[in-house]
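Remarks on the overall topology
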Amino acid sequence: MLVYHLPGTFETREAHLDLLWQAGATGLEERTGVIRAYFDEETELAADIRDGEWRREADQDWLAEFKANLRPVQAGRVTIVPPWLRAEVLAEQTALVIEPGMAFGTGHHATTRMAVEALSDLDLTAQTVLDVGTGSGVLAIAAALLGAPYALGVDIDPITIPIAQENAELNGVPTGRAVFLEGTLGDDLPGDVVPDGVYDVLVANLYAELHDLLAGEYVSHLRPGGPLVLTGILTSKLPLVLEALDREGFTAVQVREDGEWALVTARA
Ligand code: SAM
C-alpha cells in the first residue's frame, strides 16, 4: 500500500486537498496531524503539497482486524459470541452464536445487549415472542434458546431474512421455532405480515419515533399483561416513548440506561 503522508489536517490543508485528488489519490484520511493520501503509484505532485513523504506500508486487512477484536458479550443468562469464540462461553451460560455480517445485531451494541438481558430476565418457556426489526435475528434466536417455543422475527429489510435464518441454524434452533419474515406492523408501513397475531412477549430494537408510531400496534399484538421490551431509544428521546406507552395504557413501565441508550419494559 502506497501512502503519501502530508503534515496538517483537513482543515489546515483544505486548499490543498484538491491537489491530492488531482494527482490521483484514491482516498484521503486524517490521523493525528497527518493527512494520509492513498495512491496506486508515485506521481509528480504540485509544489504546494511537496512537503510530505511517500511511504510503503503493509496492507491492512480491516475485516480480519475487526474479527480478531470481537469479544464475547454477556447479557444476563446469555453470552453472545461469533462462531470462532463458541468454546469461550461458560458452561452455565447459554451460548448465542452470531456470525458478524451485513445485518445489525452482533450483540456489541448496548441496545442489543440490554434487550437480550431483558429477555433473559423473563421466563420464556411456553411463551410466543414477536421480534420487530430482527436484523441478524439475535433477539428472536435468544428467545428460542431461552425456551420460547415460537419466536417470529420480522424486518422491513429483506437482506436480513436469510442472515437471521442462517444464524438460527448456527445455534441449532429447529426450523419452525424461530421464523423470519420480511415485514413490519401497521397498515401504513409496507409488508404487514403479522396483522392478526397475538404474542405473549413483544421485543423491538428500533428507534423512539417508530415506537411512538407503532405503540398502538404493540397493544394489539400482545396478550393482555404480556411484557413489552423496547430499545434503540436515545435517552434524550425517552419522553416520546414514555408518553406513547402511557397513551396506549401500558403499565409497570421501567427504564434502563446504558450511556446514551435506553431500554423500556412495560406490560400491555
Ligand atoms: N434486533 C436486532 C438487534 O437488537 O440487534 C437488530 C436491531 S436494528 C437496530 C433495527 C432493525 O430494524 C434493522 O434490521 C432494520 O432493517 C429494521 N427496521 C427498521 N424499521 C423497521 C420497521 N418499520 N419494521 C420492521 N423492521 C424495521
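With that settled, consider the site of the ligand. Around the ligand, 17 residues are found, and the nearest of them are Thr112, Gly133, Asp155, Thr184 and Asn205. Within the backbone of Ile156, a nitrogen or oxygen atom sits 3.4 Å from a nitrogen atom of the ligand. The contact in question runs from an oxygen atom of the ligand to an N or O atom on the side chain of Asn205, over 2.9 Å.

Each domain of the chain was delimited in the assignment, giving domain 1 (2-60) and domain 2 (99-267). The gap between the C-alpha centroids of domain 1 and domain 2 is 46 Å.

Here the focus is the sheet that holds strand β3 (residues 34-39). Read from one edge of the open sheet, four strands run β2-β3-β1-β4, paired in antiparallel fashion. Each edge of the open sheet is held by one strand with a lone partner, namely β2 (27-31) and β4 (53-56). Strand-to-strand twist across the sheet, computed as the mean angle between neighbouring axes with direction ignored, equals 30°. Pairing geometry for strand β1 (residues 2-7) and β3, over six bridges, is antiparallel. Bridging across to β3, His5 finds its partner in Arg36.

Taken in spatial order, the seven strands line up as β10-β9-β8-β11-β12-β14-β13 in an open sheet, and their pairing is mixed. Bordering the open sheet on either side are β10 (178-182) and β13 (251-258), each of which pairs with just one other strand. On average, adjacent strands in this sheet sit at an angle of 15° to one another, irrespective of strand direction. By the bridge criterion, five bridges tie strand β9 (residues 150-155) to β10 in an arrangement that is parallel.

With their axes 9 Å apart at the nearest point, helix α6 (residues 208-220) and helix α7 (residues 238-247) run at an angle of 10° to one another. Here α6 lies roughly parallel to α7, going by the angle between them. Every residue of α7 that contacts α6 at Ala208, Glu209, His211, Asp212 and Ala215 is listed here: Leu240, Val241, Ala244 and Arg247. Partitioned by chemical class, the residues of the contact of α6 with α7 number five nonpolar, one polar and three charged.

A word on the packing of helix α3 (residues 110-120) against helix α4 (residues 138-145). Look at α3 against α4: their axes get within 10 Å of each other, and the N-to-C directions meet at 25°. On the basis of their axis angle, the class for α3 and α4 is roughly parallel. Handedness of the crossing formed by α3 with α4: right-handed. Where α3 abuts α4, its residues Thr112, Ala115, Val116 and Leu119 lie against Val138, Leu139 and Ala142. Taken together, the residues of the contact of α3 with α4 sort by class into six nonpolar, one polar and no charged.

The next point concerns the packing of aromatic side chains. Using the criterion set out here, one finds two aromatic pairs in the structure. Here Tyr4 and Trp54 contribute two aromatic rings whose centre-to-centre distance is 4.8 Å and whose plane-to-plane angle is 55°, an arrangement assigned as tilted. Of this pair, Tyr4 sits in strand β1 while Trp54 is found in strand β4, placing the two residues 50 residues apart along the sequence. Owing to a relative accessible area of 22%, Trp54 belongs among the partly exposed residues under this scheme. Their ring planes at 70° and their centres at 5.0 Å tell us that Phe39 and Trp54 sit as a pair that is edge-to-face. With Phe39 in strand β3 and Trp54 in strand β4, this residue pair connects regions lying 15 residues apart in the sequence. When its relative accessible area of 5% is taken as the criterion, Phe39 is described as buried. Each residue in the set Tyr4, Phe39 and Trp54 is aromatic and connected to the rest through ring pairs, giving one cluster.

Once that is clear, we can look at the nonpolar core. Among the nonpolar cores identified, the biggest contains 36 residues, and Leu96, Val116, Leu119, Leu124, Val129 and Phe180 are the most heavily contacted of them. Looking at this core, the elements with two or more residues in it are β5 (73-75), β6 (78-81), α3, α4, α5 (160-170), β10, β11 (201-205) and β14 (261-267). Broken down by element, this core gets its largest block of residues, seven residues, from α4. The residues contacting Leu119, other than those within four sequence positions of it, are Arg77, Leu124, Leu139, Ala142, Leu146, Val201 and Val203. Core analysis: the second largest hydrophobic core is formed by 24 residues, Leu130, Val154, Leu185 and Ala208 among them.

Cut-offs used in this document
Residue positions are given per chain, counting from 1 as you read along its sequence in written order. Only residues with pLDDT of at least 70 are given local features in this predicted model, and only at 80 or more are side-chain atom pairs given and counted; all residues enter the totals for whole chains, interfaces and linings. Side-chain measures here rest on the full set of heavy atoms in the structure, leaving out hydrogens and waters. Near residues are defined by distance, with any heavy atom within 4 Å of the molecule or strand qualifying the residue. Nitrogen and oxygen atoms within 3.5 Å of one another constitute a polar contact, given that in protein one can donate a hydrogen and the other can accept it, and given that sequence-neighbouring residues count only through two side-chain atoms. Annotation comment: domain bounds sourced from an automatic or database domain assignment. Following DSSP output, two strands are said to pair if at least two bridges run between them. A run of H or I in DSSP counts as a helix once it spans at least four residues, and a run of E counts as a strand once it spans at least two, with each numbered from the N terminus. The axes are straight lines fitted to the C-alpha atoms, using for helices just the contacting stretch, and the angles between their N-to-C directions are given from 0 to 180°. Angle categories are assigned with fixed cut-offs, so that under 35 degrees is roughly parallel, over 145 is roughly antiparallel, 65 to 115 is roughly perpendicular, and the rest are oblique. Whether two residues touch is decided by their heavy atoms; if any such pair falls within 4.5 Å, the residues are in contact. For this classification, Asp, Glu, Lys and Arg are treated as charged, while Ala, Val, Leu, Ile, Met, Phe, Trp, Tyr, Cys and Pro are nonpolar and the rest, including Gly, are polar. Left-handed describes a crossing whose near helix is turned anticlockwise from the far helix through less than a right angle; right-handed describes the clockwise counterpart. To pair, rings of Phe, Tyr and Trp, with the six-membered ring standing in for Trp, must have centres within 6.5 Å; the planes then decide the type, stacked if under 30 degrees apart, edge-to-face if over 60, and tilted in the middle. Burial classification: accessible surface area is computed with a 1.4 Å probe over protein chains only, and a residue below 20% of its type maximum counts as buried, one above 50% as exposed, and the rest as partly exposed. What we call a nonpolar core is a set of buried Ala, Val, Leu, Ile, Met, Phe, Trp, Tyr and Cys residues that are connected through their side-chain atoms within 4.5 Å.

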